[in-house]
Amino acid sequence: MIKRRDFITLLGGAAAWPLAARAQQPAMPVIGFLNGQSLRTWAARLDAFRKGLNESGYDEGRNVAIEYRWAEGQPDRLPALAIDLVQRQVAVIVATGGSNPAIAAKAATSTIPIVFTSNDDPRKYGLVASLNRPGGNVTGVSWFSAELGPKRLALLHDLLPNAMTVAVLRNPNNAEQAGQPAELQEAARTLGLQLLVLNVTTPHEIDTAFATVVQERIGALIVAGDSFLWSRREQIIALAAQHAVPAIYGDREMAGAGGLMSYGNSLVDAYRRAGIYTARILKGEKPADLPVQNPTKYELGINLTTAKTLGLDVPVQLQQLADEVIE
């Protein structure tokens, strides 16, 4: 016969079992996502990052949480945002959109794993010791977009063989693009072309640069790969259309948004890879043991609708080279 006091004790213990079981469940890991721009401008790449997580068994809101920190185009905010994520004690920081977020994250912590995406050599900024053996707490995905400038120039020349002067729109504050003008000047000399470099750091300077293109009767334009220029893509594409300037861009999305041509690394693939690396770290692997990935998948996009508006006939041979032809 069970005494009343013993019965109450049994009931109390049974009621505590679910609570105890819940207490023993591991806490959901939290990823800190650090970016120099905004959600609006980075949505497609964020989707690719989530796809990489999903392929590796992680689903946001189900078994992993993500804390987002956007600098909204103000790089001076990145150090404080990185420190905030460190104080939040996230499991891993994903620093995206160039080297600056990764530099800020590395300065904020030497223990929390960091996965970066960058269009430059991470060794230049001390992010990793080497590409194959990163060492420390940092690894990621890196593509050297500045090296693609001569190829973009050659593609423009194939389409516009009579354009003897080409302008380059670039952000001089982007250290990743520091060597690009010299490389493009050499490529231009080889093709018998003149090159005009237009430095822009504000929306107003972009307007001024296009006024220069029109005034100097520039035949074509290269828009360098840069997070600031990416954030102003709608303005740049609209000005190119308004002034009938044939332009090539570094991001495939810009051809899809009305730009004439694009040539560059597949950023969707790069961000998916970053998601996969983040998942591997959540599962216990160390950044020091994960080589920096250098994607070699390049994409050529051609917008035939824009070409028609500009009065250009795109050679069939060039169309056949394209990964995407937009009609």
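Look up a bit, the structure's there.
Source: prediction; values computed, not measured.

**Structural notes on the pattern of salt bridges**
Next up, step 1: This model, assessed by the stated rule, comprises 17 salt bridges.
Next up, step 2: The shortest N-O distance in the salt bridge between Arg-272 and Glu-55 comes to 2.9 Å. Separated by 217 residues along the polypeptide, Arg-272 in helix H11 (residues 267-282) and Glu-55 in helix H2 (residues 39-55) bring together distant segments of the chain.
Next up, step 3: Classification of Glu-55 by relative accessible area gives partly exposed; the value is 44%.
Next up, step 4: Across the pair Arg-189 and Glu-186 runs a salt bridge, and its minimum N-O distance is 2.9 Å. Of the two residues, Arg-189 and Glu-186 are both situated in helix H6 (residues 180-191); the distance of three residues between them amounts to about one turn of the helix.
Next up, step 5: For Arg-189, a relative accessible area of 54% translates into the label exposed.
Next up, step 6: A network of salt bridges, in which partner residues are shared, links Glu-55, Asp-269, Arg-272 and Arg-273.

**Quick notes on helix H9 (residues 233-242)**
Next up, step 1: Within the span of H9, buried status applies to Arg-233, Gln-235, Ile-236, Ile-237, Leu-239 and Ala-240.
Next up, step 2: Positive phi appears at Ala-244, one or two residues downstream of H9, with a value of about 55°.

**Focus: the sheet that holds strand S9 (residues 247-249)**
Next up, step 1: Strands sit in the order S7-S6-S8-S9-S10-S11-S12 across an open sheet of seven strands; the sheet is mixed. Whereas interior strands pair on both sides, the edge strands pair on one side only; in this sheet they are strand S7 (194-199) and strand S12 (324-326). Along the sheet, successive strands turn relative to each other by an average axial angle of 20°, direction set aside.
Next up, step 2: For strand S10 (residues 261-265) and strand S11 (residues 298-303), the ladder comprises five bridges, and the chain directions are antiparallel. Bridge pairing in S11 links Met-261 to Ile-302.
Next up, step 3: Contacting strand S6 (165-170), S7 and strand S8 (220-223), helix H7 (residues 203-215) runs over the sheet at an angle of about 160° to S7.

Cut-offs and rules
Residues numbered from 1 in each chain as written. Predicted model: local features only at pLDDT ≥ 70, side-chain atom pairs only at ≥ 80, totals over all residues. Heavy atoms only, no water. Salt bridge = Lys/Arg side-chain N within 4 Å of Asp/Glu carboxyl O. Helix = DSSP H or I, 4+ residues; strand = E, 2+ residues; numbered from the N terminus. Buried < 20%, exposed > 50% of the residue type's maximum accessible area, 1.4 Å probe, protein only. Pairing = 2+ DSSP bridges. Axes fitted to C-alpha atoms, helices over the stretch in contact; angles between N-to-C directions. Contact = heavy atoms within 4.5 Å.

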